[in-house]
Amino acid sequence: MKCLLIASESAEVLFHWSDREYRQNIQEKYGVSQEEGEGLPAFEDILSTLFAPIIISCSTLEDSYTSFTTENNHIYVLHQFDECLYIAVNGDGEEKEDDLRRKLYVLKKMVEVMFGMVTLSGNLLRKELRPQDTEQRARLWKYLQSLLDTYSLLRENDQSFLVEAVERLIHPQLCELCIEFLERRLVQQLNSSVERAGEEVLHAFVLVHTKLLAFYSSRNASILTPSDLLALIVMAQNMYPSNVDLDDMSPETFYTPQPSPSSRSSSTGRGETPVFEFVDPEIQMAEDSLHTLEINPPDPASPRRVFLEVLHKDGLYPMMPHSMYCLSLWPGITLVLLTKISSSALAISVYKYLEDFDKLEKRLHEGHGGPASARSPLNMQDIRSKMDKFIKSLEPHDLQLQNVWAEFKSRAFSRAGSGFNKDLIPWCKNMKTQLCGIYRQCFLTDSLSADVTHRLSAGLQERAQAMVREKLVDWKDFLLVKSKRNITMDFPGLVHFICVDRATGQMIAPSLSIAERTTSELGKGPVANYIKNKVWALVRTTRRYLQKGYSTVTLRDGDFYFCYFLWFENETGYKLQPVDIPVLADDSPPIGMLAYDYYRLLKYYSKNHKGENVKCYELLTVHLGVIPTEIILQHCRQLASKLWEPSRNPLL
């Protein structure tokens, strides 16, 4: 009984996702109210009719509600993002308000990654989310629905998406080997090839399921934020989903293979020592089936346009266009390339002007009118000069932007115009819409046709795929097992832990496999599933306390003792004095890093450490309740000091 909805202010459904139970329930209720002989309307029309009162009331009330519960215990959570209303519904009791609010923010994040700055214009976003072509709309909605399904599956089963941090594979030798290979061979060869068609590879990384094996960024690249990286992992998993049944039959006994002496001698002879030693013939059969598993990947030559945050010397620029190439090496192992497109400088200019007009609009709303030179916080004469040059640099057919800009100048700068007062606000909005239109035309509409010749060639992608396969072929099986048994515990009485470095957005934790066939540190089957549910509940509980301003939580639950710590350190590892954690409202953005980087906000509360690079860490532990408190605290201190040692985690 779940539903997600994006609606315009006129109650038009721009996107919806719902499970089978919700659709059946709504159609049954609506069918009862229909007169005999009338056919049931389309489900989309039913949703529009049912949600219209809620949408209209939210758009007309000054102080509208953010959540409510109906008589039949259906929970509704609403949030207005710009000109669109996002609604989440749950009727089976499996999700609370916090869960629904998180889903709304994740949906907003995925829409931003897909459409970029077009999301800043409600009218243009409507055209993208609801194309007139019904087949195109169905494909788009199906893709966005599949992303939500993938995210929900990952959040229910993957610890990295539970705490919203990227999990690294812990194997320093192999990680360093792969990073060096990505830097000195793969990225260098791709960027020096004439077949790259003006694109430049900025980031390259290898995923083993959802875990990060190696990540390399070129010198010209900005840092890829944890939020964007998590979103890209969702997209990669959606494109090449992990096969749970086969993954859970991975061999339990393995040896670390030696790297191949050369690229030409990677074949195995009869007399050589086998890499794996299998203890069960059924596991061997399952491993053989893993090699022969056939998947139907999308066309690898067709990259997906994504919009990511970029940090330049002169500021932060969100939603900058990139091309994402997702290349399957083997089932469960994926190579991802992110490239900078040749016209990306245009996006930076558009964002700067959008920011200028947004500032001017806010200034005018506050009632600060009068001459531009005296009242405006911006140098409008400078903006005018730059805007004139920007419009001249565009293609001649951008007449609509030219006309709107000419009218804006006439009203703002000429003697006959009204000047800088509230009458100029509609024209600020119009300019922002036109700028978003240029952005849409260059990076969304034209990308379907023009970018066919402006992307890495299919042959270049195949060579990149072959190079990485050749490098990792001897490690392939080991990596698939390692992703299930990433780190072990040697603390008596410690059941589980999760340690997160919020500065880098990375986490470390033992595996939590609940499959009957796979044994983890917690056992298998019902035992592991019981512990998993406890860990998921602990994370929800600690987030509620963190929202209320608590950075330390200890509690006992039956046979278990839970601990949670949040603390700050400087670059040398010295623990800083605690700061006052802000108390957040119940309807505030969810705590995490995927949809909203809460931990970036915390850095502003370390004002007494100006000039220092402040790092933020989190540690969650689950101990048996019989362990003395002093031993538990000792374990926590040892974990906090040892887990992020350089020997365990090589630099990116």
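Remember, it's a predicted structure, so these values are computed and weren't measured experimentally.

Caption draft 1: Layout of the packing of aromatic side chains. On inspection of all chains with the given rule, the structure shows 20 aromatic pairs. Pairing F205 with F215 gives two aromatic rings, centres 5.4 Å apart and planes at 15°, and the pair type is stacked. Pair noted here: F205 is in strand 7 (residues 200-208) and F215 is in strand 8 (residues 211-217), with a separation of 10 residues, a long-range link. Since its relative accessible area comes to 1%, F205 is described here as buried. Residues W567 and Y617 carry aromatic rings whose centres are separated by 5.7 Å and whose planes lie at 20° to one another, so their mutual orientation is stacked. You can see W567 sitting in strand 15 (residues 560-569) and its partner Y617 sitting in strand 16 (residues 615-624), a full 50 residues away along the chain. Among the residues examined, W567 registers a relative accessible area of 10% and is labelled buried. Aromatic ring contacts, followed pair by pair, group F51, Y65, F68 and Y76 into a single cluster. If you follow R304 out to its NZ or CZ, it ends over the ring of Y143, 3.9 Å from the centre.

Caption draft 2: Main features of the sheet that holds strand 1 (residues 2-7). The strand order across the open sheet built from five strands is 2-1-5-4-3, with neighbouring strands paired in antiparallel fashion. Whereas interior strands pair on both sides, the edge strands pair on one side only; in this sheet they are strand 2 (13-18) and strand 3 (67-69). Strand after strand, the sheet turns through a mean of 15° between neighbouring axes, direction not considered. The pairing of strand 1 with strand 5 (residues 84-90) spans six bridges and is antiparallel. Within the sheet, the bridge partner assigned to A7 lies in strand 5 and is L85. Here helix 2 (residues 43-60) sits on the sheet and contacts strand 1, strand 2, strand 3, strand 4 (75-81) and strand 5; the angle it forms with strand 2, its principal contact strand, is near 115°.

Caption draft 3: Summary view of the pairing of strand 8. Summarising burial for strand 8: six of the seven residues are buried, a large majority. Here strand 7 runs beside strand 8; their pairing, made up of six bridges, is antiparallel. Opposite A204, over in strand 8, you have Y216 as the bridge partner. Connecting strand 7 to the antiparallel partner strand 8 that follows it, the hairpin turn spans two residues, and H209 within it adopts a positive phi of roughly 60°.

Caption draft 4: Representation of the nonpolar core in the model. Counting residues in hydrophobic clusters, the biggest one holds 118 residues, and the most contacted among them are F51, M387 and F408. Ignoring anything within four residues of it in the chain, the contact list for F408 reads F357, L360, M380, F413, L424, W427, C428 and M431. In terms of nonpolar packing, the next biggest core, distinct from the first, is built from 34 residues, C178, V201, Y325 and L329 among them.

Caption draft 5: Representation of the pattern of salt bridges. Tallying each qualifying case throughout the model produces 30 salt bridges. For R130, the salt bridge goes to E44, with nearest N and O atoms at 2.3 Å. A residue pair is termed long-range when its members are at least 10 positions apart, and R130 in the loop between helix 4 (122-129) and helix 5 (134-157) and E44 in helix 2 qualify at 86 residues. Like R130, the residue E44 is buried in the burial classification. Salt-bridge contacts for D358 lead to K362; the nearest nitrogen and oxygen are separated by 3.4 Å.

Here is what the cut-offs are and how they apply
Residues numbered from 1 in each chain as written. Predicted model: local features only at pLDDT ≥ 70, side-chain atom pairs only at ≥ 80, totals over all residues. Heavy atoms only, no water. Phe/Tyr/Trp six-rings, centres within 6.5 Å; stacked < 30°, edge-to-face > 60°. Helix = DSSP H or I, 4+ residues; strand = E, 2+ residues; numbered from the N terminus. Buried < 20%, exposed > 50% of the residue type's maximum accessible area, 1.4 Å probe, protein only. Lys NZ or Arg CZ within 6 Å of the ring centre and 35° of its normal. Pairing = 2+ DSSP bridges. Axes fitted to C-alpha atoms, helices over the stretch in contact; angles between N-to-C directions. Contact = heavy atoms within 4.5 Å. Core = buried A, V, L, I, M, F, W, Y, C linked by side-chain atoms within 4.5 Å. Salt bridge = Lys/Arg side-chain N within 4 Å of Asp/Glu carboxyl O.

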